[in-house]
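Residue-level structural notes
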Amino acid sequence: MHGSYGRVIMATVSLKGIKKIYDNKVTAVHDFNLEIADKEFIVLVGPSGCGKSTTLRMVAGLEDISEGDLLIDGKRMNDVEPKDRDIAMVFQNYALYPHMTVYENMAFALKLRKVPKEEIDKKVREAAEILDITQYLERKPKALSGGQRQRVAIGRAIVRSPRVFLMDEPLSNLDAKLRNQMRAEIIKLRQRIDTTFIYVTHDQTEAMTLGDRIVIMKDGYIQQIGTPQQVFDHPANIFVAGFIGMPQMNFFDAQLIADGGHYSVKVLDATMELAPEIEAKLKAAGVGSKAVTLGIRPEHISFSGENGPHCLTGKVDVSEMMGSEIHLHVTAGDRDVVLRVPTTELSAEHKAGISYGTEVHFTFRRDLIHLFDPETEQNLLPLENA
Amino acid sequence: MAKQPKSAMSRALVRRETISGYLFLLPSLIFFVGFVIIPMVICIVNSLTDANMNTQGLGNFVGLKNFIDLWKDDTFLEALKNTFVIVIVSVPTVCAFSLWVSSAIYKLNGKLLSAFRCIFYLPVVTGSVAVTVVWKWMYDNYTGVFNYVLKSTGLIEKNINWLGDSKYALWCIILILFTTSVGQPIVLYVSALGNVDQSLVEAAQVDGATNFQVFWKVKWPQMMPTTLYILVITTINSFQCFALIQLLTSGGSGTNTVMYYIYYTAFKLTEKAGHFGYANAMGVILAIFIGLLSALQFKLAKEK
Ligand SMILES: Nc1ncnc2c1ncn2[C@@H]1O[C@H](COP(=O)(O)OP(=O)(O)OP(=O)(O)O)[C@@H](O)[C@H]1O
Ligand SMILES: [Mg+2]
């Protein structure tokens, strides 16, 4: 596919100490540092208002950069006009030109670049083919469904073979089914057009499935940069731990007890040993006995048949049947704990759900416990690749 | 089968709604029919008669005689020519100027923008007689500010009789018409420009458009409905230019327009002695021209 899009394009993007202060003195992005490799797919993710769009718009040149440097292919771009940056952008509301047909929308950028007519035609039809919108080329955007408009917006970007491809929540206006479908198509598309992507979303599923690396942001600050696996297995802090993963990670106030080379945690009235590799890391980091915030993912909690000193006991509050698994909300002490239990692990009487008030005993998988400093909210275990 | 009762019911409902709809419309409908439709019909019927101040009622039916006579009436032909000159000059200049001004000011901050809007809108809200009187003084042969300035800067040697010289008079009137016409288009264009979807502009910038291209390829098509409205109202205004002529030249020095000639024929005691039928025929012709031009503008705008 590469060849048919003409020139070989290379684009690394680096953001160095980027800061954005809006006119109303709102600082939307603080000290943003990121090196994006050629052909990498980067996803910016975070809650609403965390500065994702602002960052993307600074890369596009639609927003001035207050401080720091933006480099594309090693060239400083801060003062280069959007039209000269050779980037394409897909907007959240698609921003299709309403007075132009789908064909004209897609041809617009090429026409402005004075590309010969036959070449424009070839590129537009090729992109339309990829996106399966050939039969709509003569229509106006008004006469298209949301999903079709979405494809046109992507088509308008890919005909240009830009150096960098920017997308700002391109799927957020679609219904759940179409969103899943388009997500899969973006993955396919990415393999075909093979360029550098920066993708903004607030949906963690999109972030996890699409990104080579994910940048998690909050209040204008980067919380963590890493592969989907890294941010899932080693969240840098409590925010990332809570943000990535569905249902959310459970958090407990706990006491870390250091006893020689061995560590254990006391949670509510249970005391759990930690796995040797965690112990080794804690020891290497020189952590002593202290109050900690313990995090455990719902799928890393297991039932135990009978009570024991390493077990927590609670009463079932709500049991949500999800098909292949049950999401169990259990009240333990004064805490609501969520468990994810595969239905295959349930006894026959509990297959359809566990009734309200049932007493259950459970424990945490000791190699998958996360420990955070309650003050700084940072992970106590050093991250592997950081 | 199951559908029938439902649709029958909804038809009854529709009928009831239609009736109450018309009832609500009735008061304005009465005024519209009484003061617009009926006079229009009377005007058309009247244009086919020789009605004048001396005849009783509608006068005698003369067929298309008035219309035929008009094309032999040099005064009418001159008035028609002047009217077209006014329309052809003022409509494009008003549109272009207001587009230019509004694209320069629409991004200004609130206060400055309001100030500009106010300045340009002032001539619209000021009574046209007051405005015209001021202009009449400025154009004055002996005491006018134009002659004073031009003479003191040495651009002219002798006073120019602006409104009395047929070389200048029509252009002087067009200038006044222009200043009183740009206010509304500017206000409309400013709001139309402000309403252009910003993400389209950004999309075009990212697509590689210069500011000039963004304007003509994205903003301008978005403003087409506003432009059409401005074209039509300016055209109608220009065709119906009357008060200025009446107050400044009374149709003299080559400034006669169809509108003024209608008034002159109908209400001034001329040798034709208030020839209503003849004046109405001119009115019909004017209406036809306005209608045709507006239709043409609609058609062109649609094609865009
Ligand atoms: N034009 C602007 N002027 C002033 N403040 C702005 C402007 N645009 C955004 N902000 C502020 O900057 C912060 C970041 O906004 P941004 O649009 O980047 O968030 P986001 O992460 O894209 O959120 P969302 O997921 O809701 O789109 C917000 O607090 C917002 O209020
Ligand atoms: Mg956003």
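Residues numbered from 1 in each chain as written. Chains lettered and ligands numbered in written order. Predicted model: local features only at pLDDT ≥ 70, side-chain atom pairs only at ≥ 80, totals over all residues. Heavy atoms only, no water.

1. Considering the overall build of chain A
Check the secondary structure of chain A and you find nine helices and 20 strands. Across its three principal directions, the C-alpha atoms of chain A cover 75 × 50 × 40 Å. When each of the 386 residues of chain A is scored for burial, the buried share is 52%. Contacts spanning at least 24 positions in sequence make up 68% of the contacts within chain A whose residues lie at least 6 apart. Surface accessibility of chain A: about 17,300 Å² in total, with carbon and sulfur atoms responsible for 49%. Of the charged side chains in chain A, 46 are positive and 53 negative, and the gap between their average positions amounts to 9 Å. (Helix = DSSP H or I, 4+ residues; strand = E, 2+ residues; numbered from the N terminus. Buried < 20%, exposed > 50% of the residue type's maximum accessible area, 1.4 Å probe, protein only. Contact = heavy atoms within 4.5 Å. Areas by Shrake-Rupley, 256 points an atom, 1.4 Å probe, with all protein chains shown as cover. Lys, Arg positive; Asp, Glu negative; His and termini not counted. Charge placed at Lys NZ, Arg CZ, Asp CG, Glu CD.)

2. A closer look at the domain arrangement of chain A
Residue and element names in this part refer to chain A. As far as domains go, chain A holds domain 1 (4–241) and domain 2 (248–372). Across the boundary between the two partners, domain 1 contributes eight residues, which contact eight residues of domain 2. Here domain 1 and domain 2 share an interface that buries about 640 Å² over both sides, 66% of which is from carbon and sulfur atoms. Summed over the shared surface of domain 1 and domain 2, the number is zero salt bridges. Viewed at the interface, domain 2 and domain 1 are joined by one residue pair in polar contact (both at pLDDT 80 or more). (Domains from an automatic or database assignment. Buried area = accessible area lost by both parts, 1.4 Å probe. Salt bridge = Lys/Arg side-chain N within 4 Å of Asp/Glu carboxyl O. Polar contact = N/O pair within 3.5 Å; in protein donor to acceptor, adjacent residues only side chain to side chain.)

3. Considering the sheet that holds strand 15 (residues 301–303) of chain A
All names here are of chain A. Spatially, the five strands line up as an open sheet ordered 15-19-16-17-18, and their pairing is antiparallel. On the outer flanks of this sheet lie strand 15 and strand 18 (335–342), each paired with one strand and no other. Adjacent strand axes in the sheet meet at a mean angle of 45° when their direction is disregarded. Inspection of the sheet shows strand 16 (residues 312–321) paired to strand 17 (residues 325–332) by six bridges, in the antiparallel sense. Each bridged residue has a counterpart across the sheet, and for Val318 the counterpart in strand 17 is His329. (Pairing = 2+ DSSP bridges. Axes fitted to C-alpha atoms, helices over the stretch in contact; angles between N-to-C directions.)

4. A few points about the site of ligand 1
All names here are of chain A. Contacts to ligand 1 come from Tyr22, Asn24, Ala28, Ser48, Gly49, Cys50, Gly51, Lys52, Ser53, Thr54 and Glu169. A distance of 2.8 Å separates an oxygen atom of ligand 1 from a polar atom in the backbone of Gly49. The backbone of Gly51 places a nitrogen or oxygen atom 3.0 Å from an oxygen atom of ligand 1. Summarising the interface, the protein chains cover 62% of the accessible area of ligand 1, which totals 640 Å² for the free molecule. Here the element with the most residues in the shell around ligand 1 is helix 1 (residues 52–60); it accounts for three residues. Its residues assigned to classes, the shell around ligand 1 shows three nonpolar, six polar and two charged. (Near = heavy atom within 4 Å. Nonpolar A, V, L, I, M, F, W, Y, C, P; charged D, E, K, R; others polar.)

5. Description of the pattern of salt bridges
Two side chains carrying opposite charge are able to pair once their charged atoms lie near each other. A full pass over the atoms with the stated rule returns 20 salt bridges over all chains. One salt bridge in this structure joins Arg76 of chain A and Asp69 of chain A, with 2.7 Å as the shortest N-O distance. Salt bridges linked by common partners bring Asp73, Asp86, Arg160 and Arg163 of chain A together with Asp207 of chain B together as one network.

6. Comments concerning the environment of Asn82 of chain B
All names here are of chain B. Along the chain, the position of Asn82 falls in helix 3 (residues 74–105). What makes Asn82 buried here is its relative accessible area of 2%. Spatially, the C-alpha atoms of Asn82 and Thr255 are 6.6 Å apart, while their sequence positions differ by 173 residues. In this structure Asn82 touches Leu170, Gly254, Thr255 and Asn256, once residues within four positions along its chain are discounted.

7. As for the sheet that holds strand 1 (residues 13–21) of chain A
All names here are of chain A. One open sheet holds the four strands; their spatial order is 2-1-4-5, and the pairing between them is antiparallel. Of all strands in the sheet, those with a lone pairing partner are strand 2 (27–36) and strand 5 (75–76), marking the two edges. Here strand 4 (residues 67–72) pairs with strand 5 via two bridges, running antiparallel. Bridged to Leu71 within strand 5 is Arg76.

8. Quick notes on the interface of chain B and chain A
At the junction of the two partners, chain B supplies 17 residues and chain A supplies 21 residues. For the chain B face of the interface with chain A, the top three residues by lost area are Glu202, Val206 and Asp207 of chain B, together amounting to 39%. In this structure, the connection of chain B to chain A is made through two salt bridges. The shortest N-O distance in the salt bridge between Glu202 of chain B and Arg57 of chain A comes to 2.7 Å. Counting every contact that joins chain B to chain A gives 10 residue pairs in polar contact (both at pLDDT 80 or more). If you list the elements that add at least two residues to the side of chain B that touches chain A, you get helix 9 (198–207) and helix 10 (211–222) of chain B. When residues in the side of chain B that touches chain A are grouped by element, the largest group, eight residues, is from helix 9 of chain B. Taken together, the residues of the side of chain B that touches chain A sort by class into seven nonpolar, six polar and four charged.

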